[in-house]
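The lines below spell out each chain.
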Amino acid sequence: MRLFKLILIGLFCTTSNVTHAMVNIFACEPEWGALAKEIGGSKVKIFSATHAKQDPHYIRARPSLIAKARKANIIFCSGAGLEVGWLPLLLQKAESSVQPGMEGHLIASKFVKVLEKPIVVDRTMGDIHPEGNPHVHLNPHNISLIAKELTKRLELIDATNASFYRNRFNSFALRWKEAIVRWEKNASDLKGMQVVVHHRTFSYLIDWLGLIEVASLELKPGIPATASHLEGLLQQFKTKPPDVIVRTPYEPGNASIWLSEKINSPAIVLPYTINGDVSSVDLFALFENSINLLKGALND
Ligand SMILES: [Zn+2]
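Every value quoted in this text rests on a predicted model; they were computed, and no experiment measured them.

Peer 1: What is the right way to look at the sheet that holds strand S4 (residues 105-107) in this model?
Peer 2: Sheet strands line up and pair through hydrogen bonds in the backbone, either parallel or antiparallel. Across the sheet, four strands lie side by side as S2-S1-S3-S4; this open sheet has parallel pairing. Only two strands of the sheet have a single partner each, and these edge strands are strand S2 (44-48) and S4. Put simply, the sheet's adjacent strands are angled 20° from each other on average, direction ignored. By the bridge criterion, three bridges tie strand S3 (residues 74-77) to S4 in an arrangement that is parallel. Looking at the pairing, isoleucine 75 lines up with histidine 105 of S4. Packed on one face of the sheet, helix H3 (residues 63-71) meets strand S1 (23-27), S2 and S3 and runs near 135° to S1.

Right under this line is the structure:
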């Protein structure tokens, strides 16, 4: 009987690092889950720790997440401090075999140019992003770079299926490149559009499309709008209102709506990530919809 069991185990295990048929991917945010699906297809099992209505800065390392992290072969997160409040604790509690520095530990922001790196870090002012802006996924060129790195990691971790991942990457990269050309053409009239943000969640989208961020409703990243800050914005925009006020599905709308009513600029919710609205079901739709929503606001 014991020998029979050993033979069975032998049959179901591969010689690579992955001992089961599927590579378990623990994505900290839905955008990384979606990218993992593009490259990993049927060979990966994806779990996203957060959804579009959750603020990824503030997540609790609850038991269900710990259980998922324990099983992960790849941990795929934004980094640059976005998950600093929960991921290290989660990995520790899960006694995860995927630790920083290992091939299964994939931090997206390490493979792109991080924006808004502060020259002087002053945490007393409440800035929650001392490593720069971690919301790197909203520039599609960043997605290309991160997809390439993810493919490398999958090839290492699940060598048996290396050509499967390489083929899917090649197909994705081609379709993605074509989409970027289409988006950049379609969004050319958005250049110079003046945008007020809630938190600096859209900096990469703003940078990519050549928009201008004129103000943030938060006093500092992580510090909610104060009455005096909002009064100041009201004065600032009295003579020249911005084109749009944007926020994510998880950010509170009260400050956006208040300012919108006072200065008569549209306040809109951009999907921000996968399933941030009903039609943003994958990365392609996420960018498509974000551009169309901005264009709609500009023509309002
Ligand atoms: Zn942030």
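Now that the structure has been shown, we can carry on.
Peer 1: Before we go on, may I ask you to explain the pairing of S1 in this structure?
Peer 2: Walk down a regular strand and you will see the side chains alternate between the two sheet faces. Judged by how many residues are buried, S1 sits mostly within the fold: four of five residues are covered. For S1 and S2, the ladder comprises five bridges, and the chain directions are parallel. Residue pairing in the sheet places isoleucine 25 in a bridge with isoleucine 46 of S2. Taken together, S1, helix H2 (residues 30-40) and S2 form a β-α-β motif whose crossover is right-handed. Of the pairings in the sheet, the one linking S1 to S3 comprises three bridges and is parallel in character. Paired with alanine 27 across the bridge in S3 is phenylalanine 76.

Peer 1: Can you walk me through the state of the cysteines in this structure?
Peer 2: Working definition: the covalent bond between the sulfur atoms of two cysteines is a disulfide. Tallying each qualifying case throughout the model produces one disulfide. Here cysteine 28 pairs with cysteine 77 through a disulfide, and the sulfurs are 2.0 Å apart. Judged by the sign of its S-S torsion, about 55°, the bond between cysteine 28 and cysteine 77 is right-handed. Taken together, the positions of cysteine 28 in the loop between S1 and H2 and cysteine 77 in strand S3 put the pair 49 residues apart, joining distant regions of the chain. In this structure cysteine 77 comes out as buried when scored by relative accessible area, which is 0%.

Criteria and cut-off values
Residues numbered from 1 in each chain as written. Predicted model: local features only at pLDDT ≥ 70, side-chain atom pairs only at ≥ 80, totals over all residues. Heavy atoms only, no water. Pairing = 2+ DSSP bridges. Helix = DSSP H or I, 4+ residues; strand = E, 2+ residues; numbered from the N terminus. Axes fitted to C-alpha atoms, helices over the stretch in contact; angles between N-to-C directions. Contact = heavy atoms within 4.5 Å. Buried < 20%, exposed > 50% of the residue type's maximum accessible area, 1.4 Å probe, protein only. Right-handed = clockwise from strand over helix to strand, strands pointing away. Disulfide = S-S within 2.5 Å.

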